[in-house]
Amino acid sequence: MSDTITFTIDGVEIQGRRGQTILEAADDAGVYIPRLCAFKDLSPYGACRVCTVMANGRPQAACTQPIAEGMVVENDTEQLKKVRRDIVEMLFVEGNHFCMFCEKSGNCELQAMAYRLGIAAPKYPYLNPKREVDASHPDILVDHNRCILCARCVRASKDLDGKNVFQFIGRGPHKKVGVNAEANLSDTNADVTDKALDVCPVGALLRKRVGYAVPVGKRLYDLEPIGSDIEAKRAGQEK
Amino acid sequence: MSTNGMKKITIEPVTRVEGHGKVTILLDEQNQVKQARLHIVEFRGFERFVQGRPYWEVPVLVERLCGICPVSHHLAAAKAMDWIVGGENLTPTAEKMRRLMHYGQMFQSHALHFFHLCSPDLLFGFDADVAIRNVIGVAAKYPALAVQGVMMRKYGQELIKATAGKKIHGTGAIPGGINKNLSIAERDGFLKDLDQMVEWSRSALKIAKDYTVAHLDTLASFGSFESSHLSLVRADGAMDLYHGNLKAIDAEGNSIFDQVDYQNYLDYIREEVRPWSYMKFPFITSLGPEKGWYRVGPLARLNTCTFIDTPEAEAARKEFMALTDGKPNNITMAYHWARMIELLHSIEKIKALLHDADLQGTDLVTKGNRRDEAVGLIEAPRGTLFHHYRVNKNDQIVMANLIVSTTNNNEPMNRAVELVARQHLSGVKITEGLLNRVEVAIRAYDPCLSCATHALGKMPLEMEILDAEGNVLDRKAR
Ligand code: FES
């Protein structure tokens, strides 16, 4: 049996490898599928649903759904863009996201996603939840106001750092990222060099005292929209 | 509504986003002005909101406080955070970039105030119909002036963008330094229009000066009173809008204190709370709340400094001081002239900075021993701005206190309104003349009320006269 799998995304024929998810195969082919919880070195999780595509006519999370021979995937359609916009807007109103003074601004995937999807202001009412800041660790700040529960830090701490510093606690609207200790992050073995700190898509998990060091204009998404790096691959392949 | 048998006349500007004000004139039984109260709703939520936030976030967060002078708050907070991280001795590049940002802000703010808000009063007279006496009227009758105002404002805003990253709500100043330098391309862009900006600043100064001198008869007494004056000055006594030590003088020019390290401002300045106002009343501790109030802003700075270190502004300062024989100038309407001297000073400073190779340096941040408490002061366009913070060992803000320029000028503005009311209220009828003059007097201080800086330069006013029983006798609105 051949290891190559041929399928289409928005009518374009794509060759992927057996065992890849739609998202992975699309990435390799230079097709960007929006995502927030998926991250390259982390196992698929399927939490945010921003990567929702239509696979053979059914909505699926591209980050968890494996590719199959002849699969017909829709990605860049008006209907899916609307779904993604709605999801991202809900993420915005669910937390306390003040982009205008957040140090992650310009480097934030949630903000960049909103720009890419053309969200000006959320249509849903802000929930203004009361959330905590854990500044107990000498070098790390946790600001739950900005957490979108993507589980990247949970996975990275376990799989990349081998530590298990972060865990989800609570359910439904009370769900939050907790730490593996009595009370605070300072009681864990979290360290400023942990990979978990690199994967947070928003400004919820931060290294202290380095905010704003990169000037406006030099930040990750100041010039190019999120996903441009992936799309550049395709442009390269077409040349 | 009545208070102890007094009648109240209320002038109420239409509410907009940041803080708004209203004027209440209290009459006695003989219908004479007993007291005027300028109520300003100050946005105090910040001091609570900032609790628990990490200190490095504050210089950016605080820009949300005021849509009118965000750069001043950004820099005052950054100066406090320099002290927190022990980085108060900035690298030359960091200090000069911040100064460039600040002079850019001063330049655009003073240009905006003069051309959009004040020039209609000067060009058309206080009594001109408000339908004409606004920036649209200026644009129609003096199109060249209106264009200059817009271009000067834009120049200042571009300087802010080049130093802070954005025209509004930039991130340039960080604890202990700055996050970028000025590229050669950016510098050359500013040099191109520089001479024009200097030229226009000279002519704006001339308009303000000529007007003040020509109308001295009426202006000298208009809402004027003797007062103390306070500002930062440099160690050698020179005007310094970005940094220095606190100096206060009395109405005669005698020193009250001089070269006070502003980290110790609490030993010299206190704030009084009055039940009828949301805004506090700061005073010089040694003089007490009755006598200790003072003025800040362009007029105060001209009075406190012993010289200006740029040649054209210094020549202008000498002319300005000659008007009052070298004594402090206490004429409220002289704020406009003083403001234009600072406009010229700012562009002279910008010119010197643009020719300074330190702006292309790469050593941007310094740090030293961490501290838990810090004060940051700056001379904002409207006057001395105080930021005071305490930070816990987890790097979170646990206390913030701000004294903004307009708060420093609270008592003087109340006095100016009261004087104008005494001078121009006759009977219990509201006249256009009274409305106009109250507006002009408030505007001299350039308070950061959104109503005072209404887009068209027209302060929306509502005035009511109430008798002792609270019946409305007369009402006028714009
Ligand atoms: S990226 Fe697929 S569910 Fe979040």
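Residues numbered from 1 in each chain as written. Chains lettered and ligands numbered in written order. Predicted model: local features only at pLDDT ≥ 70, side-chain atom pairs only at ≥ 80, totals over all residues. Heavy atoms only, no water.

Turning to the domain arrangement of chain A, a few remarks are in order. When the parts of a complex come together, some accessible area is lost, and that lost area is often used as the size of the interface. Residues and elements named next belong to chain A. You can read the domains of chain A as domain 1 (4-76) and domain 2 (84-207). A C-alpha centroid distance of 25 Å is found between domain 1 and domain 2. Summed over both partners, the interface of domain 1 with domain 2 buries about 1,600 Å², with 64% contributed by carbon and sulfur atoms. Interface area lost by domain 1 to domain 2 is led by L36, L42 and Y45, which between them contribute 40%. On inspection of domain 1 and its partner domain 2, the count reaches 7 residue pairs in polar contact (both at pLDDT 80 or more). In terms of residue class, the side of domain 1 that touches domain 2 is built from 15 nonpolar, 3 polar and 3 charged. (Domains from an automatic or database assignment. Buried area = accessible area lost by both parts, 1.4 Å probe. Polar contact = N/O pair within 3.5 Å; in protein donor to acceptor, adjacent residues only side chain to side chain. Nonpolar A, V, L, I, M, F, W, Y, C, P; charged D, E, K, R; others polar.)

Here the focus is the interface of chain A and chain B. With 20 residues of chain A at the contact, the number on the chain B side is 21 residues. When the two sides are added together, the surface that chain A and chain B hide from each other amounts to roughly 1,800 Å², 60% of it contributed by carbon and sulfur. If you sort the residues of chain A by the area they bury against chain B, F101, R209 and Y212 of chain A come out on top, with a joint share of 37%. Taken together, the links from chain A to chain B amount to 4 salt bridges. The salt bridge involving K208 of chain A is made with D395 of chain B; its shortest N-O contact spans 3.6 Å. The interface formed by chain A and chain B holds 6 residue pairs in polar contact (both at pLDDT 80 or more) in total. In terms of residue class, the side of chain A that touches chain B is made up of 12 nonpolar, 3 polar and 5 charged. (Contact = heavy atoms within 4.5 Å. Salt bridge = Lys/Arg side-chain N within 4 Å of Asp/Glu carboxyl O.)

Glancing now at the sheet that holds strand β10 (residues 205-207) of chain A. Residue and element names in this part refer to chain A. Here 3 strands make up an open sheet; going across it, the order is β6-β7-β10 and the pairing antiparallel. Of all the strands in the sheet, just β6 (133-134) and β10 have a single pairing partner and so form its edges. Relative to strand β7 (residues 140-143), β6 runs antiparallel, the two sharing 2 bridges. Among the inter-strand pairings, D134 is bridged to a residue of β7, identified as V142. (Pairing = 2+ DSSP bridges. Helix = DSSP H or I, 4+ residues; strand = E, 2+ residues; numbered from the N terminus.)

Another point: the packing of aromatic side chains. Counted under the stated rule, the structure contains 12 aromatic pairs over all chains. Seen from their ring centres, F101 of chain A and F49 of chain B are 6.0 Å apart, and the 85° between their planes marks the pair as edge-to-face. Highlighted residues: F101 of chain A in the loop between α2 (78-94) and α3 (109-117) and F49 of chain B in helix α1 (residues 45-49), drawn from two different chains. According to the relative accessible area criterion, F49 of chain B is partly exposed, its value standing at 41%. Ring plane angle 55° and centroid distance 6.1 Å describe the contact between F124 of chain B and Y142 of chain B, whose orientation is recorded as tilted. One end of the pair, F124 of chain B, is in helix α4 (residues 92-124); the other, Y142 of chain B, is in the loop between α5 (135-141) and α6 (143-164), with 18 residues separating them in the sequence. The buried category is assigned to F124 of chain B, whose relative accessible area is 18%. (Phe/Tyr/Trp six-rings, centres within 6.5 Å; stacked < 30°, edge-to-face > 60°. Buried < 20%, exposed > 50% of the residue type's maximum accessible area, 1.4 Å probe, protein only.)

Here strand β3 (residues 52-55) of chain A pairs with strand β4 (residues 58-61) of chain A via 4 bridges, running antiparallel. Within β4 of chain A, the residue paired with T52 of chain A across the bridge is A61 of chain A.

The next subject is the nonpolar core. Among the nonpolar cores identified, the biggest contains 92 residues, and Y155, F320, I341, I347 and I350 of chain B are the most heavily contacted of them. Considering every element that reaches this core, the biggest residue donor is α4 of chain B, with 12 residues. Summarising the domain contributions, this core has at least three residues from each of domain 1 (2-42 + 416-444) and domain 2 (46-409) of chain B. With sequence-adjacent residues up to four places away left out, I341 of chain B is seen in contact with L205, L302, I308, A313, A316, R317 and F320 of chain B. The next biggest cluster of nonpolar side chains, apart from the first, holds 40 residues, and it includes I119, C153, V199 and C200 of chain A. (Core = buried A, V, L, I, M, F, W, Y, C linked by side-chain atoms within 4.5 Å.)

This next bit is on the domain arrangement of chain B. All names here are of chain B. You can read the domains of chain B as domain 1 (2-42 + 416-444) and domain 2 (46-409). The C-alpha-based centres of domain 1 and domain 2 are spaced at 28 Å. Contact residues are listed per partner, giving 20 residues for domain 1 and 26 residues for domain 2. Note that D121 and R443 form a salt bridge whose closest N and O atoms lie 3.2 Å from each other. Our count for the domain 1 to domain 2 interface comes out at 4 residue pairs in polar contact (both at pLDDT 80 or more). In terms of residue count, helix α15 (residues 432-444) provides more of the side of domain 1 that touches domain 2 than any other element does, 8 residues in total. Residue classes in the side of domain 1 that touches domain 2 are distributed as 9 nonpolar, 5 polar and 6 charged.

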